[in-house]
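Structure assessment
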Amino acid sequence: MEEEIQKMKEIVLIYLDRSGGLQKFVHDCKKYNDSKQSYAVYRFVISINPSDIAELDATLGNYILHNPIKAAEIFQSVCFVAIKTLSLIEQLQTEAQISILLKPTHLPPLPSYVLSLSAFPFNYTSHRFYMSEGIVIAMGIVTKYTQGARFLCTEETCPFSEGFRYIRVHLPGATESATVRNDFVCSLCSSPLQEDMKFRVLGDKQIVEMIDAKVLNALKGYSNNKSHFRIQAFIIFLRDELANRMTIGNHYKIIGIPTCVQNGPQATACIEVTSVQLCKPNGPSFIGENFKYLLSLTSNSCWRFTAMLANIFASQVVPPGTYNTLKLAVLLSLVQTCEKESADYLDLLVVTSDTLVIDRLLNYSICLLPRGIQHPSSSDIFPSVSKDKHRTGSASIQAGSVLLAKGGICYIGDLSTYKKDKLELLQSVLESRTTTLFIPGKKYGEEADQQVTIPVQTNFWSYVDVDSSSKKHTPKDGFLIGQMDLSLLPPNLLDGFGLLIYDEFPSCRLSFPLVHHVLTKAINPEATPYRVSQQFRTQDYEEFILFAKNLHVEMSSEAENLIQGYYLASRRVRRDSMHGSNLSASALKILISLSKAHTKLSLRKKVLEEDALIAILLLESSLTLKHGKSALCIEPNALFPFDLSNENSLHQRDIYLQKCHHHLLKFISTYGPGIHVNANEE
């Protein structure tokens, strides 16, 4: 066995020399030596490639993968000899003062090295490296832990009453009491040991709670997946250089050693992490053949493809040809989702009297994204602060629905059910795209108060029941043509939502298809009453949206001029002497976001005037609901004035939209010139 250990030590030296690890080790030693300060523990992080080591020596490779604590002892011995031989750290006295953290670059892509967070039993007894992945749902603030400590024998005549014979170093899974206690005894004279507090080495520690990404499926309101699975959150420890490396709500792949921490009468399974890698979902590089065929059929018009997409969308929950404006807005919001802080967000607020159908439609739509979340009423929408559940007494930030929906959609249901304080918080988040948490230091055992600002990178969907709002509030007098009574909600909150969509359905003309659809689904939930549901399946739409949302689009000068002209003209006509312009400061951003979304949905990479026209018509419809008609005076159903039953109806819609474009140019030329825009007002 001694010969085998000696051989592995030689292999360690060869590997460190070849991989550049020895050069980094010498550099780290120089920093310790230059400080001229004596430490109880000298800590070194060594990055290792298990594949390269296994090629040099299979036994050492097996040690690293399956017995990392023993492997660290071998590296510790080699490093101590190197330091003494090369005189790298003059203050170092014993091998016990060296602490080695092995950091594997990867693990073999085999099932036995994957630790599933939803599988049972949870294997925490092997004390070897596993890789796993999940979503961060809670994070504690960074606290201190004892990285290493020096103990001395209390018997003055004992040779171990001085020097660095007794060094306690943190091991994976060990609690603070395992490293520092007052019941240690000298192995030579059996006298009690006492810690030399001058040499205690502290490090950073952060407790993070993760959960399997499958939890996102459980938080969707509608799903075709009938499988059942077990979901359990678990704890990971981030120490030293890994502290604050994670962001709440993100999806990570980790490598670490599972262990069990005894916390009073409770035992908690956790992972000591050595490596953290952010997981970024890759969208499909293709779309379905049926979508390609539909795109080729409608290639002679910039408006037909998206019109047909909206017409046939969600035929599993509503009949084709119904709710077309709402479905187009939903598709635009779906493709305008990403995790960038400077993203073009597109929030939807639906005003309806048919909440059941709208709820089904929105629930179905959020399932088309990996991060589509239906907010459960029993939990918090936004992040909150609570005491850590693991008896540390420190603060822990809980994610809330909005951070779980990062890069996707957070569907918060009926807006009229929320209290005033929640609506005010929602308004603040919509305006700033951040949420701020205050952590009182006194309450959570810290010296100073803390304030944490978290970016909110998601689109919000909600609806308002016009019937319930009219019962709660007495309608006001003096409404303009096209304006709705939305006095139930604060005006600034309405402006925070990018689009306000009014669903006039059901009407006498369209009620029968919807009733027939609902009854058919009630009798046979698996039925597909429309052929289009088989041609364009839910999975096809998932692939299409993931492909479209990753397209990078650029604005053309013609589209920019049209948007700016409409914006300036609208600011002039939508103005009163008391309050100034009714057009909010965010209207220009919303127009750009809508134009880009329509371009993505059309599978193009340059925003054209035709895309800008659709954006303007959608926003003008929204403004009409809030403030009444303007001089532009668009139709009530501006985007879908006809049933799209055949090619002739698509042609008629194209002619109608061309007339709208001409009417818009006339509106801009009439009200646009000579407008002076104050910089402060903008």
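For the structure given in this document, a descriptive report is provided here. Small disclaimer: the values here were computed from a predicted structure and weren't measured.

1. Section: the sheet that holds strand E18 (residues 459–465)
Within the open sheet, the five strands sit side by side as E12-E15-E18-E11-E19. Their pairing is parallel. Each end of this open sheet is capped by a strand with a single partner; those strands are strand E12 (372–374) and strand E19 (499–502). Strand-to-strand twist across the sheet, computed as the mean angle between neighbouring axes with direction ignored, equals 20°. Both strand E11 (residues 348–352) and E18 contribute to a ladder of five bridges, which runs parallel. Paired with Leu349 across the two strands is Ser462, which belongs to E18. Helix H11 (residues 355–366) contacts E11, E12, strand E15 (409–414) and E18 of the sheet and is inclined by roughly 170° relative to E18.

2. Quick notes on the pattern of salt bridges
By the definition in use, this model includes 21 salt bridges. For Asp204, the salt bridge identified is with Lys144, shortest N-O distance 2.6 Å. With Asp204 in strand E7 (residues 201–211) and Lys144 in strand E4 (residues 143–153), this pair connects stretches of sequence that are 60 residues apart. Residue class for Asp204 comes out partly exposed when judged on its relative accessible area of 26%.

3. A look at the side chain of Lys406
Looking at the secondary structure, you find Lys406 in the loop between helix H12 (400–404) and E15. Note on Lys406: relative accessible area 10%, which makes it buried. A distance of 2.6 Å separates polar atoms of two side chains, one belonging to Lys406 and the other to Asn250. Sequence-distant contacts of Lys406, defined by excluding residues within four places in its chain, comprise Thr247, Ile248, Gly249, Asn250, Glu339, Arg371 and Gln457.

4. Some details on the side chain of Arg304
Structurally, Arg304 can be placed in helix H9 (residues 304–312). A polar contact of 2.7 Å, which involves the side chain of Arg304, links it to the side chain of Asp654. When residues no more than four places from it in sequence are discounted, the contact partners of Arg304 are Thr298, Glu647, Leu650, His651 and Asp654.

5. A few points about the packing of aromatic side chains
The way to describe two aromatic rings as a pair is by their centre distance and the angle between their planes. All told, the structure shown has 18 aromatic pairs when counted by the stated rule. Relative to Phe44, the ring of Phe25 has its centre 4.8 Å away and its plane inclined at 50°; by these criteria the two rings are tilted. Here Phe44 lies in strand E1 (residues 42–48) and Phe25 lies in helix H2 (residues 21–35), a separation of 19 residues in the sequence. Aromatic side chains Phe313 and Tyr364 sit 6.1 Å apart centroid to centroid with 55° between the ring planes, which places their arrangement in the tilted category.

6. Some thoughts on helix H22 (residues 647–671)
For H22, built from 25 residues, the straight-helix expectation of 36 Å at 1.5 Å per residue is met to within 8% by its first-to-last C-alpha distance of 36 Å. For H22, every residue scored as buried is listed here: Ser649, Leu650, Arg653, Asp654, Tyr656, Leu657, Cys660, His661, Leu664, Phe667 and Ile668. Structurally, H22 contributes buried residues whose contacts are with H9, helix H19 (557–573) and helix H21 (609–627). N-capping of H22 is provided by Asn646, with a side-chain oxygen placed 3.1 Å from the backbone N of Asn648.

7. Quick look at the pairing of strand E14 (residues 395–398)
Here strand E3 (residues 130–140) runs beside E14; their pairing, made up of three bridges, is antiparallel. The residue of E14 that forms the bridge with Ala138 is Gln398. Two strands pair when backbone bridges link them, and strand E13 (residues 384–387) and E14 are joined in this way by four bridges, in the antiparallel orientation. Paired with Lys387 across the strands is Ala395, a residue of E14.

8. Overview of unusual backbone geometry
Notably, Ser87 is not glycine yet its phi reads approximately 50°, a positive angle. Within the fold, Ser87 resides in the loop between helix H5 (68–86) and strand E2 (98–104). Residue Arg433 is not a glycine yet carries a positive backbone phi of 60°. Among the secondary structure elements, Arg433 is positioned in the loop between helix H13 (420–432) and strand E16 (434–439). For Arg433, a relative accessible area of 13% puts it in the buried group.

9. Considerations on the environment of Ala405
You can see Ala405 is positioned in the loop between H12 and E15. Since its relative accessible area comes to 0%, Ala405 is described here as buried. Linking Ala405 and Pro370, residues 35 residues apart in sequence, is a C-alpha distance of 8.8 Å. Leaving out residues up to four positions away in the same chain, Ala405 has contacts with Arg371, Ile373, Cys410, Gln457 and Thr458.

Rules of the game
- Residues numbered from 1 in each chain as written.
- Predicted model: local features only at pLDDT ≥ 70, side-chain atom pairs only at ≥ 80, totals over all residues.
- Heavy atoms only, no water.
- Pairing = 2+ DSSP bridges.
- Helix = DSSP H or I, 4+ residues; strand = E, 2+ residues; numbered from the N terminus.
- Axes fitted to C-alpha atoms, helices over the stretch in contact; angles between N-to-C directions.
- Contact = heavy atoms within 4.5 Å.
- Salt bridge = Lys/Arg side-chain N within 4 Å of Asp/Glu carboxyl O.
- Buried < 20%, exposed > 50% of the residue type's maximum accessible area, 1.4 Å probe, protein only.
- Polar contact = N/O pair within 3.5 Å; in protein donor to acceptor, adjacent residues only side chain to side chain.
- Phe/Tyr/Trp six-rings, centres within 6.5 Å; stacked < 30°, edge-to-face > 60°.
- Expected span 1.5 Å × (residues − 1).

All we've got here are geometric facts, nothing functional implied.
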